[in-house]
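Here is what each chain is made of, one letter per residue.
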Amino acid sequence: MQERKVGRPSPYLAVVRDVMEWSELPLTLAAGASGLDRPLRTAHATELVDPRRFLRGDELIMTVGNELIDDEACERFVANLMSSRAAGIALAVGVDGYPTPPGLAPAAERARLPMFYVPVTVPFLALTEKLQSIAEGRAEHIRLCREEGRMLDHVRRGFASAQVFRERFPTVGGVEYAALCMPAEVSLSLEGVVIEGWIDEITVVIADEMVVRQAPKRAGLVVYGTGSGVGPEGLARTLREGLAALAIASRRGHSAGPRDLSTFSGLLERLTPEQFQPFEDHIVKPLLRHDAKHGRSLWPTLVAFIEADASMTATADRLGIHANSVRHRMVRITDITGRDPHRLEDQFALGIAVRGIARRG
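Here we summarise the structure given alongside this text. (Residues numbered from 1 in each chain as written. Predicted model: local features only at pLDDT ≥ 70, side-chain atom pairs only at ≥ 80, totals over all residues. Heavy atoms only, no water.)

## Comments concerning the overall build of the protein chain
Moving on, step 1. Within the protein chain one finds eleven helices and 13 strands.
Moving on, step 2. The principal-axis extents of the C-alpha atoms in the protein chain amount to approximately 95 × 55 × 30 Å.
Moving on, step 3. Here the protein chain holds 361 residues, and the buried ones make up 44% of them.
Moving on, step 4. Looking at the protein chain alone, contacts between residues at least 24 apart form 66% of all its contacts between residues at least 6 apart.
Moving on, step 5. Carbon and sulfur atoms provide 51% of the accessible area of the protein chain, an area that totals close to 18700 Å².
Moving on, step 6. Placing the 44 positive and 46 negative side-chain charges of the protein chain at their respective mean positions leaves the two points 9 Å apart. (Helix = DSSP H or I, 4+ residues; strand = E, 2+ residues; numbered from the N terminus. Buried < 20%, exposed > 50% of the residue type's maximum accessible area, 1.4 Å probe, protein only. Contact = heavy atoms within 4.5 Å. Areas by Shrake-Rupley, 256 points an atom, 1.4 Å probe, with all protein chains shown as cover. Lys, Arg positive; Asp, Glu negative; His and termini not counted. Charge placed at Lys NZ, Arg CZ, Asp CG, Glu CD.)

The structure is reproduced here in structure tokens:
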């Protein structure tokens, strides 16, 4: 299976280290190896010793070194680039009439500024075109992931059929696919990727189920959610599960999967605002109105009761009141909401109201 990197791209096109992997551009690292992780955004040609007013940061500075006539000029040139947050230097070598400044590489090494020798066979335009090609590929990737994200969201919500993605899935049977949902700032390399899309601030990947189960752990990813393994027709299900699992993972600080959705917290994460609204209208708001009008504490008592796992004694301890006071308040809660805190079914409804409001902040 072919591996590819998934997730939002960094704000930069590349880092300087990537230049060494451009096989079509045989550049040689001459200095500054410790600075190869500097971000790289664009390239800029100059023969000025002080080009600072023309720079915005993260540029690969291309030069033949025409004005770098001595070690002092080389030192000032490097210092000016460092103060402008330049990414590195690309020095043309072997150009007739332009000898290589002997003091430039030592100055760059001292500043930990990467410097490359560019052979005469490589025009500066080739460097600029390479970065432009990367920029165009990046823009296209962003466009596709946003478009795929919109379609995945439509499938998840039932506005579109999973058939819109049917041709993406290999025709080989017996393979199941699962959703991997990650925070926007996370990226990793995965095999067997079928679809990648961005939904709001979440990266959603549909890939081979075995890869989804194993690769994030191997990569050291901590917070992510996964859905069940399904065939192509089950795309909506695994999407919904993966997104709900990510919400749980984000709250508890480690990964979550389909099994975690068979919990009370898992159910809450899958409630839509419309589904939660009746709990707010008929439990939360009436109690809050009562407390505001009568100066009572029915809502805090209910919250303490739910947090104490429906223990009257523990609730009284939490609130610092007598257990009989808690019982009287429970009677009033029943009168106002029609839900008896001592009945399991009603406890469930009251718990949804309390935890749902807490999750909404």
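The rest of the description comes next.
## As for the sheet that holds strand β12 (residues 202-208)
Moving on, step 1. Across the sheet, which stays open at both edges, the four strands sit in the order β11-β12-β9-β13 with antiparallel pairing between neighbours. Whereas interior strands pair on both sides, the edge strands pair on one side only; in this sheet they are β11 (193-199) and β13 (225-226).
Moving on, step 2. Pairing of β11 with β12, which is carried by six bridges, proceeds in the antiparallel orientation. Among the inter-strand pairings, Gly197 is bridged to a residue of β12, identified as Val204.
Moving on, step 3. Together, β11 and β12 form the strand contacts of helix α3 (residues 124-157), whose direction differs from that of β11 by roughly 85°. (Pairing = 2+ DSSP bridges. Axes fitted to C-alpha atoms, helices over the stretch in contact; angles between N-to-C directions.)

## Description of the state of the cysteines
Moving on, step 1. Going through the model one piece at a time under the given rule, you end up with zero disulfides.
Moving on, step 2. Lacking any disulfide linkage, Cys181 is separated from the closest cysteine sulfur, that of Cys145, by 14 Å. (Disulfide = S-S within 2.5 Å.)

## So, the pattern of salt bridges
Moving on, step 1. If you walk through the whole model with that rule in mind, you get 21 salt bridges.
Moving on, step 2. The residue Arg52 makes a salt bridge to Asp50 at a minimum N-O spacing of 2.7 Å.
Moving on, step 3. One salt bridge connects Glu209 with Arg213, and the closest N-O pair in it is separated by 3.5 Å. Taken together, the positions of Glu209 and Arg213, both in helix α4 (residues 209-218) and four residues apart, correspond to about one turn of that helix.
Moving on, step 4. Arg213 gets classed as partly exposed once you look at its relative accessible area, which sits at 27%.
Moving on, step 5. What emerges from the salt-bridge pattern is a single network uniting Glu140, Arg143 and Glu147. (Salt bridge = Lys/Arg side-chain N within 4 Å of Asp/Glu carboxyl O.)

## Side note on the packing of helix α7 (residues 273-294) against helix α11 (residues 344-360)
Moving on, step 1. Running from N to C, α7 and α11 point in directions that differ by 105°, and their axes come no closer than 9 Å. One way to sum up the angle between α7 and α11 is to call them roughly perpendicular. Contact residues: α7 offers Phe276, Phe279, Glu280, Ile283 and Val284, while α11 offers Ala349, Leu350, Ile352, Ala353, Gly356, Ile357 and Arg360.
Moving on, step 2. Looking at the contact of α7 with α11 residue by residue, the class counts come to nine nonpolar, one polar and two charged. (Parallel < 35°, antiparallel > 145°, perpendicular 65-115°, else oblique. Nonpolar A, V, L, I, M, F, W, Y, C, P; charged D, E, K, R; others polar.)

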